[in-house]
Amino acid sequence: MLPIIHHRLLLAGMAAGLFLLMAGCNDTVEKENVKQLPLVSASDTIPWRGPASTQIPVYSAENGKDIWYGYELISKTSYYLGPNGTVNQISNGMNCQNCHLDAGTKPFGNNYGAVASTYPKFRERSGTMESIEKRVNDCFERSLNGKALDSNSREMKAIVAYINWLGRKVEKGSKPLGSGIMELKFLDRAADPVKGKTVFTGHCARCHGDDGQGLKSPDGKGYEFPPLWGPHSYNAGAGLFRLSRFAGYVYNNMPNTVSWHNPEITQEQAWDVAAFVNSQPRPSKDLTKDWPDISGKPVDHPFGPYADTFSEKQHKYGPYGPIAEWKKEHAAKKASK
Ligand code: HEC
Ligand code: HEC
């Protein structure tokens, strides 16, 4: 029991620290926020943050070498495995870290907090039990529009060692607050690419470029600002191609100077910019083996066939509420049979 109490005290201490810090700001808006801050038992209100790279075990420690190399591969994927990679050339020039921020440790930054604790797990997309290796390769083949790593390669072992190390203190089977991507509230209309274009021009283009192609880094091995569409971007089988994933990621993390407690754009703007970016051209992928049970498709999966009668367009842009409602009823009927 002791470690848990200790943990809670620490969190309570952190909350109290934050309280003092915020109480210092003599502003009514700040004071409103202070009231909502958790003062005791904060474990379910303060999101998980992964350990910083400075805490990685020394190179000579058991696993130390692998964990370090895994951290390198996640944060500088392109340098090692991009089009001009020093180890292999199997991916599109992006880094895992472009979407799994701070090497997979940032709260609501699509972090890896729930990976060690929940894999292997059944996933509807493949209809199989998936190992961490399989899930990592999914991102290589989709998000990095590339090729899978051999499961026995030094690189895969290192990536898995790093991800397991990040999540080693997360209780088996649990999913900490702030892991992965935040689920935003659905709009009660379809997300609108035209409105999204305005958001893009005002909040995104200055880094990702007017044409969304990003900005290459001076050494030509990767990107200063990664591309959002076009031949070097994620393909249509990637998680971010679903509007809910894109919107949830961008709302809390873009421009890349913001975080979950001080977003720059509204949730509505996040949905609309998702609609705009995901209407632009990008690489395709053979998805015929995905979702063997079509009733398991998420509401915003943009490719039919579906178990319901909603159109591909509505599945892509929304409104999602009626689809979610249909799914709930359908699941209830199935269960009562
Ligand atoms: C273009 C963005 C992007 C890039 C680049 C990317 N990923 Fe992902 N990754 C995602 C999204 C989106 C998800 C799904 C998150 C969700 O549905 O909550 C995901 C999920 C994962 C998961 C499962 C997380 C979980 O909690 O179940 C792992 C593991 C993972 N990625 C590893 C990697 C690795 C390793 C790389 C680099 C080789 C990588 N990803 C590159 C977007 C990306
Ligand atoms: C100040 C510069 C800046 C602005 C403005 C900005 N981004 Fe980014 N964006 C970045 C950087 C840098 C990364 C990569 C983060 C990393 O590797 O740590 C990134 C990554 C991304 C990614 C994941 C990687 C990819 O290329 O698919 C998406 C999606 C994204 N940004 C969307 C947006 C959207 C939408 C906006 C506007 C609402 C926006 N960004 C505004 C700098 C910016």
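It should be emphasised that the depicted structure is a prediction, and the values quoted were computed from it without experimental measurement.

Draft legend 1. Up close: the overall build of the chain. Within the chain, the secondary structure is distributed over 15 helices and four strands. Burial status across the chain gives 36% buried among its 337 residues. Here the contacts in the chain between residues at least 6 apart in sequence split such that 63% fall between residues at least 24 apart.

Draft legend 2. View of the site of ligand 1. Inspection of the region around ligand 1 gives 25 residues, with Cys 96, Cys 99, Cys 139, Ser 143 and Gly 239 positioned closest. It is helix H8 (residues 132–141) that contributes the most residues to the shell around ligand 1, four residues altogether. Grouping the constituent residues of the shell around ligand 1 by class yields 16 nonpolar, seven polar and two charged. Three or more residues apiece are contributed to the shell around ligand 1 by two domains, here domain 2 (53–166) and domain 3 (182–337).

Draft legend 3. Geometry of helix H13 (residues 267–277). With nine of 11 residues buried, H13 is to be regarded as a mostly interior element. Within the sequence span of H13, burial applies to Gln 269, Ala 270, Trp 271, Asp 272, Val 273, Ala 274, Ala 275, Phe 276 and Val 277. Where H13 is buried, its residues contact helix H10 (193–203), helix H12 (243–253) and helix H14 (312–317).

Draft legend 4. Expanded view of the site of ligand 2. Not every one of the 25 residues close to ligand 2 is listed here, only the nearest: Cys 204, Cys 207, Pro 226, Met 254 and Pro 255. Only helix H5 (96–99), H10, helix H11 (205–208) and H13 provide two or more residues apiece to the shell around ligand 2. Each residue belonging to the shell around ligand 2 can be placed in one class, and the counts come to 17 nonpolar, seven polar and one charged. Shared between two domains, the shell around ligand 2 takes at least three residues from each, and those domains are domain 2 (53–166) and domain 3 (182–337).

Draft legend 5. Just the packing of helix H3 (residues 64–75) against helix H9 (residues 154–166), in detail. Put simply, H3 and H9 touch, their axes get as near as 7 Å, and they point 95° apart. Classified by the angle between their axes, H3 and H9 sit roughly perpendicular to one another. Along its contact with H3, which presents Asp 66, Ile 67, Tyr 69, Gly 70, Tyr 71, Leu 73 and Ile 74, the element H9 presents Glu 155, Lys 157, Ala 158, Ile 159, Ala 161, Tyr 162 and Trp 165. The residue inventory of the contact of H3 with H9, partitioned by class, reads 10 nonpolar, one polar and three charged.

Draft legend 6. Representation of H10 within the structure. Regarding H10, the residues found buried are Gly 196, Val 199 and Phe 200. Along the axis of H10, the buried positions cluster into a sector of 100°, meaning they face one direction only. Exposed residues on H10 whose side chains face more than 90 degrees from its buried face are Val 194 and Gly 202.

Draft legend 7. Broad picture of the nonpolar core. Counting 62 residues, the largest nonpolar core has Ile 159, Tyr 162, Val 250, Val 273 and Ala 274 as the members making the most contacts within it. Sort the elements by how many residues they give to this core and H9 lands first, with eight residues. When we break this core down by domain, the ones giving at least three residues each are domain 2 (53–166) and domain 3 (182–337). Those residues within four positions of Val 273 in sequence are excluded, and the remaining contacts are Gly 196, Val 199, Phe 200, Cys 204 and Val 250.

Draft legend 8. Local environment of unusual backbone geometry. Geometrically, the link from Tyr 119 to Pro 120 is a cis peptide bond, its omega value of -5° lying close to zero. Its location among the elements puts Pro 120 in the loop between helix H7 (115–118) and strand S1 (121–123). Across the junction of Gly 304 and Pro 305, the peptide omega takes the value 0°, indicating a cis bond. Along the chain, Pro 305 turns up in the loop between H13 and H14.

Draft legend 9. Broad picture of the environment of Gly 230. Structurally, Gly 230 can be placed in the loop between strand S4 (223–225) and H12. Since 15 C-beta atoms lie within 10 Å of it, Gly 230 is described here as partly exposed. Measuring from C-alpha to C-alpha, the distance between Gly 230 and Arg 282 comes to 4.6 Å, with 52 residues separating the pair along the chain. Every residue in contact with Gly 230, bar those within four places of it in the chain, is listed here: Gly 212, Gln 213, Pro 281 and Arg 282.

Draft legend 10. Inspection of the confidence of the model for the chain at higher detail. Per-residue pLDDT for the chain averages 89, and the proportion of residues at 70 or more is 87%. Within the model, the stretch residues 1–42 combines pLDDT values under 50 with 26 contacts to residues more than four positions away or in other chains.

What counts and what doesn't
Residues numbered from 1 in each chain as written. Chains lettered and ligands numbered in written order. Predicted model: local features only at pLDDT ≥ 70, side-chain atom pairs only at ≥ 80, totals over all residues. Helix = DSSP H or I, 4+ residues; strand = E, 2+ residues; numbered from the N terminus. Buried ≥ 20, exposed ≤ 12 C-beta atoms within 10 Å, placed from the backbone. Contact = placed C-beta atoms within 7 Å. Near = placed C-beta within 6 Å. Nonpolar A, V, L, I, M, F, W, Y, C, P; charged D, E, K, R; others polar. Domains from an automatic or database assignment. Axes fitted to C-alpha atoms, helices over the stretch in contact; angles between N-to-C directions. Parallel < 35°, antiparallel > 145°, perpendicular 65-115°, else oblique. Arc of directions from axis to C-beta. Core = buried A, V, L, I, M, F, W, Y, C linked by C-beta atoms within 7 Å. pLDDT = per-residue confidence, 0-100.

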